[in-house]
Protein chains: 2
Amino acid sequence: MALRYALLALLTSRPMTGYDVSKQFSQSVAHVWHAPDSQIYPELNRMERDGLLESSVVPWGKKGTKKEYAVTEAGVKAFREWMDSPIEIRRQREPAYLKAAYLEWAEPGAARAELEQFRDYWTEHLAMLEATRATLVDRSHPTLASRLEHYDAAQWDRIVRYKIFAYDGLIDQARAAIAWAERGLVLVDELEGSTVD
Amino acid sequence: MALRYALLALLTSRPMTGYDVSKQFSQSVAHVWHAPDSQIYPELNRMERDGLLESSVVPWGKKGTKKEYAVTEAGVKAFREWMDSPIEIRRQREPAYLKAAYLEWAEPGAARAELEQFRDYWTEHLAMLEATRATLVDRSHPTLASRLEHYDAAQWDRIVRYKIFAYDGLIDQARAAIAWAERGLVLVDELEGSTVD
DNA sequence: TGACGCATGTAACTCGTTACATGATTCT
DNA sequence: AGAATCATGTAACGAGTTACATGCGTCA
């Protein structure tokens, strides 16, 4: 059900077509809840069926059309209720840590390659998170900008600071993952010898 | 497929019955890859069908029997191959951070309750990780002890240090999560007023 | 006119969750 | 005798992944 609320969160900023949702999603909400297009379109349809969204068909070009979704009152209510309900705890399921615990089974070269790949992924991810955080701080983030339009200027700081808080948590995680992978590389060198194999 | 390798990892320490697997699993491998019983038993059957495990029926009491699973050569090979192959990257999917980004929608009391619940879960989890880490350091962890028996004493340090490395990564994550939740509670007090509601 | 972006999905499958189901054994 | 623990699952459903399918619009 979390996907549903992630989509509602995005659509509370402004009405959007499915395509816009899928594009904007990947640049904002996906940082905390990833989902591919093939999950987004069907879910939008189900949300409309359940009365959380309503859609209007907008002409596009000469023959084309597109569907624009807007959150209904019921949708806002459902989102608020979810926000006020206790979070589900997600149990750990992280292949990198699983593998790390059994690194004595890996070839030294494979162990290094994995830790490097992990570090590089998180380094890239961190750069993206920091860039996004900067667009929140200066309020140039497009979704944030449309969101703030519904609110009194007195509320802007409050809204922005929660988003920055969320990104700060993600950034902490990314930094911790990178530091851990680097310690792992030192450990592999120490235990397996630092020769290339 | 990661569940399959998590089970192989556990069973490389010693042969076990399904029940033992499900119990030992929750005290070791589940810290990096959680799975309920209802997923474990069927997967063990599939792994036997696929030749990664072989089972022998052991009498239990007067009429009862139980099935003991041991990793086959093919199982060891499959595990090594997985260990040497690149890790799959898991994209972010964390309801706590999703909610944090939209805390302006929550009642102040609910926001506090969520952050407290999150902090408390991770605090408890951290205590368990630290306790488990200590049993690795002093080598009293039961699964580790049976695992070390297959190896030459000269290898013990290497094996143990990889496991400690994995737990250190989990402990870092837990500490980061707790610190983040605490900063969140301060933020909620600042933005929503610190009166009880 | 061809490439790229806009637009919207379906189909098949695997993985994971939740709830339920059943019986034997051992300990107190 | 009853509780706890050992033992092993199934059934139904929901969530997530991967690959594929199709056509219009716009701009160079």
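Treat the numbers as computed from the prediction; the structure is a model and nothing was measured.

*Asks:* Go over the sheet that holds strand β2 (residues 53-60) of chain A, please, and point to the residues and values.
*Replies:* Residue and element names in this part refer to chain A. Read from one edge to the other, the open sheet built from 3 strands follows the order β1-β3-β2, with strand pairing classed as antiparallel. This sheet does not close on itself; its edge strands, each paired only once, are β1 (16-17) and β2. Direction of pairing for β2 relative to strand β3 (residues 64-71): antiparallel, over a ladder of 8 bridges. The residue bridging Leu53 from the neighbouring strand is Val71, located in β3.

*Asks:* Explain the nonpolar core to me, and be specific about the residues and the numbers.
*Replies:* With 129 residues, the main nonpolar core has Phe25 of chain A together with Phe25 of chain B as its most contacted residues. If we skip the residues at most four places from it in the chain, Phe25 of chain B touches Leu3, Ala6, Leu7, Leu10, Asp20, Ala30, Trp33, His34, Ala35 and Ile40 of chain B.

*Asks:* Residues and numbers for the protein's contact with DNA strand C, please.
*Replies:* Tyr19, Lys67 and Arg93 of chain A together with Ser38 and Lys63 of chain B are the nearest of the 22 residues found near DNA strand C. Among all atoms of DNA strand C positioned within 4 Å of the protein, those belonging to sugar or phosphate total 71%. The separation between a phosphate oxygen of DNA strand C and a polar main-chain atom of Gly18 of chain A is 3.3 Å. The side chain of Trp60 of chain A places a nitrogen or oxygen atom 3.5 Å from a phosphate oxygen of DNA strand C. Those elements that place two or more of their residues in the surface near DNA strand C are α2 (18-27), α3 (37-49) and β3 of chain A together with α3 (37-49) of chain B. Counted by class, the surface near DNA strand C contains 9 nonpolar, 7 polar and 6 charged residues.

Thresholds, definitions, all that
- Residues numbered from 1 in each chain as written.
- Chains lettered and ligands numbered in written order.
- Predicted model: local features only at pLDDT ≥ 70, side-chain atom pairs only at ≥ 80, totals over all residues.
- Heavy atoms only, no water.
- Pairing = 2+ DSSP bridges.
- Helix = DSSP H or I, 4+ residues; strand = E, 2+ residues; numbered from the N terminus.
- Core = buried A, V, L, I, M, F, W, Y, C linked by side-chain atoms within 4.5 Å.
- Buried < 20%, exposed > 50% of the residue type's maximum accessible area, 1.4 Å probe, protein only.
- Contact = heavy atoms within 4.5 Å.
- Near = heavy atom within 4 Å.
- Polar contact = N/O pair within 3.5 Å; in protein donor to acceptor, adjacent residues only side chain to side chain.
- Nonpolar A, V, L, I, M, F, W, Y, C, P; charged D, E, K, R; others polar.

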